[in-house]
Amino acid sequence: MITLTINNKEISLEQPMTVLEASRQAGIKIPTLCYFEALKPYGGCRLCVVEVERMPRLQTACTLMVADGMVIQTESDTISEVRRGILEFLLINHPLDCPYCDKAGECELQDLVNKYGPAVGRHKEEKRKVPESHKDQILARNMERCVACTRCVRMCSDVQGASAISMMGRGNDTRMEPFSADSFNCEYCGNCLTVCPVGAILSRLYLHSFRPWQVDREVDTVCSYCGVGCSLTVQVRDDSIKRVIPKEGKGLNKGLLCSRGRFGYEYIGSDDRLTTPLVRKNGKLEPATWTEALEIVADKLQGIRKESGGVSIAGIASPRCSNEDNYLFQKFMRMTCGTNNIDSISRTGYGAAQKYFEDLLGQGITSNLIDGLKNSEAIVVLGGDPTSINPILGLSIREAARRGAQIAVIGNAKGLERFKTLQITAPVFEEAAVLESLLAQVFASKGERGEHAFLDRGIADMAAGTSTVSDVKGLDDLKKILLESPSTSIVFGTDLVQRSDGHRSLFAVSGLTYLLEARLYLLSEKANEQGVIDAGCVPDMLPGGRPLHIEDFKKKFEMLWKDSLPDFKGKTLMEIIEGARTGDIKALYIMGENPVFNLPDAKYVKEALDSLDFLVVQDIFLSETAELADVVLPALGWAERTGTVTNLERRIQVQKKAVETSAGMEDWRIISEISGKMGYKMEYKDSEDIMDELAQVSPLYRDLTYKEIDRGKSIWPYHGEPLRGAEISEIPAGEEVQSGNGADYYLAVDRPLFHSGTLSRRSPALTKIMPEPVLRISAASAEKLGLTDGDRVNVTTSAGSSETVVVVDDSITDNRVYMGNNFKDRGACRLLNFRLDSVTKAPGIEGCGVTIEKR
Amino acid sequence: MAVRFELIMFNETVINEINGIRKKYPDRRSALLPSLYIAQREFGWLSLKAMSCVAKALNLPEADVRGTASFYSMFKHNPVGRNVIQLCTNVSCMILGAEKLVDFLKSKYGVHPNGTSEDGRFSLVIMECIGACGTAPAMLVNTDFHDELSESRIEEILEKYK
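All values reported here derive from a predicted model rather than from experimental measurement.

Rules used in this analysis
Residues numbered from 1 in each chain as written. Chains lettered and ligands numbered in written order. Predicted model: local features only at pLDDT ≥ 70, side-chain atom pairs only at ≥ 80, totals over all residues. Heavy atoms only, no water. Helix = DSSP H or I, 4+ residues; strand = E, 2+ residues; numbered from the N terminus. Buried < 20%, exposed > 50% of the residue type's maximum accessible area, 1.4 Å probe, protein only. Contact = heavy atoms within 4.5 Å. Areas by Shrake-Rupley, 256 points an atom, 1.4 Å probe, with all protein chains shown as cover. Lys, Arg positive; Asp, Glu negative; His and termini not counted. Charge placed at Lys NZ, Arg CZ, Asp CG, Glu CD. Salt bridge = Lys/Arg side-chain N within 4 Å of Asp/Glu carboxyl O. Phe/Tyr/Trp six-rings, centres within 6.5 Å; stacked < 30°, edge-to-face > 60°. Lys NZ or Arg CZ within 6 Å of the ring centre and 35° of its normal. Domains from an automatic or database assignment. Buried area = accessible area lost by both parts, 1.4 Å probe. Polar contact = N/O pair within 3.5 Å; in protein donor to acceptor, adjacent residues only side chain to side chain. Axes fitted to C-alpha atoms, helices over the stretch in contact; angles between N-to-C directions. Parallel < 35°, antiparallel > 145°, perpendicular 65-115°, else oblique. Left-handed = near helix turned anticlockwise from the far one by under 90°. Nonpolar A, V, L, I, M, F, W, Y, C, P; charged D, E, K, R; others polar.

Before going further, it helps to examine the overall build of chain A. A count of helical and extended segments in chain A gives 25 helices and 36 strands. Its C-alpha atoms give chain A principal-axis dimensions of roughly 90 × 65 × 60 Å. Sorting the 855 residues of chain A into buried and exposed places 64% on the buried side. Within chain A, counting contacts between residues at least 6 apart in sequence, those at least 24 apart form 73% of the total. Summed over its atoms, the accessible surface of chain A is roughly 32300 Å², and 47% of this surface lies on carbon and sulfur atoms. Counting 103 positive and 119 negative side-chain charges, chain A places the averaged centre of each group 4 Å from the other.

Take a look at the structure:
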């Protein structure tokens, strides 16, 4: 116990800390400028000076550790004078342009000068003149205002790990600059904006467009992009989002955001939004009234159900929609339309992996807290780059690396280039073999774990049948790291699922997780990929992951939903598409999804959807899929409606309504209206009402309320429900498959940091950062092809060709080339073929051999 | 979006030299200053490309490299002539006529302080004391030291630098 006195107040502390922290804890304010909670103490600005008894000079509270018996004064005439002096020095160069500066009103320097003075400066010399730099599209840099507190530089290097900016020059000339001196070329997380205490770094998204005190309202909500679910605050004026900011220390992101979360909100106010229902008349989509559109949908679905049965109707749900939307959607499909043909895009990655892992290792195996990652001593990253798919989770990996963890990357993870200890490159189509070899080696050293007999047996069988892949560099080192590490985490990206032998990789990762008692994290591209599964938008499971084929569960739900559930085995996503092509599926209802663009082989998907009798698409934009629909229904987007989402940790959070709009309707409301017209009543006041029902029927969420979620009591396993154990007792066997087709280069779907799906292309800020698709290619491949950065090329596969721009990337070590799936008519998925994985039913990417030609 | 610069690269000998320096220190960052000297030697001055090469060779962030390089006056951030004259104009040198020597360099060789002669032969940097007050005025040409300067002596010395 440490006891000290601050301002005559006695304070007892359990833990050693700095004087500043102790004072803040005791509610005593000490002014600071260079101090920021998430950063290491710096002691640069000297504003936090305090008097300490028996110490000859003033001490900086932010760097001074408390000691037993210390007596401290934080305010006195001397201290005030020193602070005034420091501020006077800062104002030698800081311009007095507050009336013009965006920061005024929330400027730390302004507040400090207001409190401590000086009212007049005594310096007669000219102020430093530096023109404001607008060379970057997103961030404005005003170095006249910079007070050289270095918070931005420390944030960028010590927390974000991007190290894109530095203090350049010295003395009077010191300024923050990116390497290039003009454009930032960085990760555009904008965390430097958060920490800048003055108006030296400003966002150009809202430059000079409002004052901080002119905000109509502030809504604390959750990001709409990836499966991390960062807390953020939306500031609204005149019913339009003015800016998105994080709250210091709040949420699982602790005040940090990524480029998409901070700058990607503009799609909500896009002019391309659907404003009215559309109905196909004489082959053209024409505006219609809600009544007309809803009547048509209800009549058509009713008719098809009567004629061909529920078996011929299917639904595709959305990981962009809320739990409530998805819950109601599957209830509508099952009860109103009488079908189990219901799935989501999650099947192509997250959902397929999640089901496999949970079947083998039990429910909740992937539900681990992101924060725990940084305490791991070894982290294996495979199947995707966490720093671009789930940027904030990626930061935890970087943090772990800083703490000395071993980071092993299998495949490509550009964002971990400076943080990895080891990289393993598995040849294209041999990823599973490499992982199996690793598992066999770990098994050979560790032996059976003895917890699940069938798993031990499965691993032994696999190990016996595996020939060691000897020519892959680094496997032995990785094995050594894994065997020595007391706490291992595996971060699994879903690229590995998209192989027709993806289940082999899944088994190998399950085996490693099991043998090493590792924590398993599953990267999730969209905000509610976990929620869409837990809400029951899968053919074989009811809400809460209850298998439909178990009679007890079925009965329970039939009782709760007051009608009988369809009996047949539902189709998975790609089977639904195939069904549409063959005519087994006659009507398809798509909520918030764009299969034509997001699934491989666009031609095939389009052909399938074209052969449907009836296609309904509910979306916020007229997507490539909506263009084919018979009826298009405009929905409400993020920040326009309230609903819960479940992140990759299985944490439930509420996305709150922030702006009013007259155009669309909530997804769940549209569904309930149609359902009512079809004779199955769904009556709910609001999304909270639906959550109450969901919490009642799904044992997963037992009794969970919005109130509890708001209080943060929504972390897995919500109410301590006992976890479902391993669901199966035998390892599912798949068909033997595929190898490379001897191409020189292979196309892989990239998941860029600045774009996600197709929403981000409607956000001007993100398209400014990344205006068009790029092809990431290794330096060796570029040399062989005679290409350099910025060259325009045609990428051609057997399925088609696309124009793109070359970016030579040193983090790529093999003959893969990476292209994203974000831009209209220029997506990567369109160029790929697929073959279903017989176990997970995820589409395995094939036909990815490419030729690259300079234009 | 990352913009790459057209390829200018260290050759293998230089890479080996830098790797040798790296091994001397427990921390990559400590090898930065000596590596920057090497880059300056190789490329004449520290262009963004040159600093990018250093960053890559040491696996350090580019911004950190430039931040460090921009702090020190011995690194050149603009192209310089084939030979760099660093002339002292501090007290002793000034008293003994260093400023006249600056004028002489201007008129005779067409090189101004912080500038480069048109033929690219000389650049001139005015610097503070180089510790030769007893034999002032003094200058450095590249890394060679010369003192007891006069106009004729400068002429004689610079003959050797083409």
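Resuming the write-up.
Let us look at the pattern of salt bridges. This model, assessed by the stated rule, comprises 65 salt bridges over all chains. Put simply, R835 of chain A and E846 of chain A hold a salt bridge, and the shortest N to O gap is 3.0 Å. With R835 of chain A in strand 34 (residues 833–836) and E846 of chain A in strand 35 (residues 843–846), this residue pair connects regions lying 11 residues apart in the sequence. Among the salt bridges present, the one from D103 of chain B reaches K106 of chain B, with a minimum N-O distance of 3.9 Å. Of this pair, D103 of chain B and K106 of chain B both sit in helix 6 (residues 98–109), 3 residues apart, which is roughly one turn of the helix. A single salt-bridge network, built from bridges that share partners, covers E772, R792, E803, R826 and R855 of chain A.

What follows is about the packing of aromatic side chains. Evaluation of the coordinates by the stated rule reveals 18 aromatic pairs over all chains. Clustering of aromatic rings is evident, with ring pairs tying together Y37, F71, Y72 and F75 of chain B. Over the aromatic face of F597 of chain A sits the side chain of R761 of chain A, whose NZ or CZ is 5.1 Å from the ring centroid. The cationic tip of R776 of chain A hangs over the ring face of Y818 of chain A; the distance from NZ or CZ to the ring centre is 4.9 Å.

The next point concerns the domain arrangement of chain B. If you check the domain split of chain B, you get domain 1 (12–71) and domain 2 (83–158). A separation of 29 Å is found between the C-alpha centroids of domain 1 of chain B and domain 2 of chain B.

Chain B puts 19 residues into the contact, and the matching count from chain A is 23 residues. For the pair chain B and chain A, the summed buried area comes to about 1900 Å², and 57% of that belongs to carbon and sulfur atoms. Linking chain B with chain A are 2 salt bridges, by the criterion used here. In this structure, K56 of chain B engages D810 of chain A in a salt bridge whose closest nitrogen and oxygen atoms are separated by 3.7 Å. The tally of links from chain B across to chain A stands at 6 residue pairs in polar contact (both at pLDDT 80 or more).

Moving on: the packing of helix 6 of chain B against helix 7 (residues 151–158) of chain B. Each pair of packed helices can be summarised by the angle the axes make with each other and by the distance between the axes. All names here are of chain B. Between helix 6 and helix 7, the least distance of the axes is 10 Å, while the angle of their chain directions is 50 degrees. Taken as axis vectors, helix 6 and helix 7 run oblique relative to one another. In this structure, the crossing between helix 6 and helix 7 has a hand that is right-handed. Taking contact as the criterion, the partners of K100, L101, F104, L105, K108 and Y109 in helix 6 are, on helix 7, E151, I154, E155 and L158. In terms of residue class, the contact of helix 6 with helix 7 is built from 6 nonpolar, no polar and 4 charged.

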